Amino acid sequence: MPSSMVVLNIHEKHISGEVLLPLSELQSAIGMRVNDHSERLVARLGDSLRRYLVKHIRPKSFEGMPWTVTIGSMQLLESTDPIVGTYKELVVQFDMMPPFGYDLRNFFFDYDVILHQVASHKALIHVKQDWAQGLVREDTLTQQIGVIEWDVVNNKLNPFLVSLAQGSRWKGFTNMVHLGIDHIAEGTDHLLFVLTLLFPAMLVASEGRWHKRMELKASLLNLLKIVTAFTVGHSLTLLIGSLQWLHFPAKPIEVLIAITILVSAFHALKPIYPKREVIIAGLFGLVHGLAFAETLTNLDLSTTQMVLSILGFNIGIELMQLALIVVAFPLLFLLAKTSSYGLIRTVGAVMMMILAIAWMVERIQESPNFVTEWLARL
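Here's a quick rundown of the structure.

Definitions and cut-offs
Residues numbered from 1 in each chain as written. Predicted model: local features only at pLDDT ≥ 70, side-chain atom pairs only at ≥ 80, totals over all residues. Heavy atoms only, no water. Phe/Tyr/Trp six-rings, centres within 6.5 Å; stacked < 30°, edge-to-face > 60°. Helix = DSSP H or I, 4+ residues; strand = E, 2+ residues; numbered from the N terminus. Buried < 20%, exposed > 50% of the residue type's maximum accessible area, 1.4 Å probe, protein only. Contact = heavy atoms within 4.5 Å. 1 Å grid on protein atoms, 1.4 Å probe; cavity = no way out; pocket = protein on both sides within 12 Å on 5 of 7 lines; lining within 4 Å. Points joined across faces, edges and corners; volume = space filled by probe spheres on them. Salt bridge = Lys/Arg side-chain N within 4 Å of Asp/Glu carboxyl O.

1. As for the packing of aromatic side chains
For the coordinates displayed, the defined rule picks out eight aromatic pairs. Ring geometry for phenylalanine 329 against phenylalanine 333: centres 6.0 Å apart, planes inclined by 35°, an arrangement best described as tilted. In this pair, phenylalanine 329 and phenylalanine 333 are both assigned in helix α8 (residues 303-335), four residues apart and thus about one turn of the helix distant. Each member of the pair, phenylalanine 329 as well as phenylalanine 333, is classed as buried. Among the aromatic side chains, those forming a connected cluster through ring pairs are Trp67, Phe107, Phe109 and Tyr111.

Here is the structure:
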């Protein structure tokens, strides 16, 4: 039989999460044989299911003080298990609030949903998010901390002891720095955008074409202005988006990012906004910052945690960008001295344009194409 799963998200003052319940076992436990396995079942039994879940989810402090449990949305999904096969599963969102002043990292989780009637059932307890411990996942990975099952020797069901290691703000902050680094390292589009900014950074535009190379000091100053403008732009919208002062749909933002790469690549090929690179980099930074903010918007962090997360995440982004610039710029500057740099820049810019168009098509159609599939295999 499929097991239940309880997934916990540890916040600063409360714990949220979801319970994944196999429908057939749940129906056995609540004594209802219902043939309807559609969303109408959830709608019809909504109130009774909520009362049942509150009755059988009973967190309490070590001193026996009960927590407040709130049941949120419920959704019926189809799941697949390699052993069990395909089955229906009820996914329930919930929230647990400890009494004021009590430790939410150490408590008894007195839980017997389904287990009170189906003795062979098991509930797997996982933690997905624990900011203070540096556990913040962008994917679906979780960390199992235990199993609730019947003690067959003593014929009883013991409350599950949740005892999480004490975290710290420093650990949460440094994890966000690493998350920012990983976000850029794994984000090929962001890396390639920064690279397109470097192609013409040491060149001077004249009569609609790129001409002579600037000296090292002038090139570095020009690059510093462009990178600073991009940093200010994405830092601003990262802050605005993360704090949810403004909300922007993810899909248009991802398409706009591909457009920024396309425009920057065309500019690297042929100057279309000469002497305005700093302004354009700042505007493009606004777009990229909105995409960065998507990583932080759904974490449900406290004000202090969110401020530290924005700062740490942004530092990670800057460190990764700086690493790319330190490696790529000296090489491009030396190549700019050679007669072959025009060809190198042209080939690089055209490749960026092809990738940008492929990303645009993929994000508009919401399906990969042969270019993006090839890139994913690299």
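2. Looking at the side chain of histidine 56
Mapped onto the elements, histidine 56 comes out in helix α2 (residues 39-56). Among all residues touching histidine 56, those that are not within four sequence positions of it are Asp110, Tyr111, Asp112, Val113 and His116.

3. Quick notes on empty space enclosed by the protein
Taken as a whole and assessed by the stated rule, the structure comprises four cavities of 30 Å³ or more. Taken as a whole, the largest cavity encloses approximately 80 Å³ of empty space. Contributing to the lining of the largest cavity are Gly241, Gln244, Leu246, His247, Phe248, Ile253, Leu290, Ala293, Glu294 and Thr297. In terms of residue count, the dominant contributor to the lining of the largest cavity is helix α7 (residues 277-297) (four residues).

4. Let's talk about the pattern of salt bridges
Any two side chains of opposite charge can pair, so long as their charged atoms come close to each other. Under the definition given, this model contains eight salt bridges. In this structure, arginine 58 and aspartate 110 form a salt bridge, with 3.1 Å as the shortest nitrogen-oxygen distance. One end of the pair, arginine 58, is in strand β3 (residues 57-60); the other, aspartate 110, is in strand β6 (residues 106-111), and 52 residues separate them in sequence. Here arginine 58 falls in the partly exposed class, since its relative accessible area comes to 29%. Judged by its relative accessible area of 16%, aspartate 110 is buried. For aspartate 112, the salt bridge goes to arginine 58, with nearest N and O atoms at 3.3 Å. Separated by 54 residues along the polypeptide, aspartate 112 in the loop between β6 and β7 (123-130) and arginine 58 in strand β3 bring together distant segments of the chain. When its relative accessible area of 12% is taken as the criterion, aspartate 112 is described as buried.

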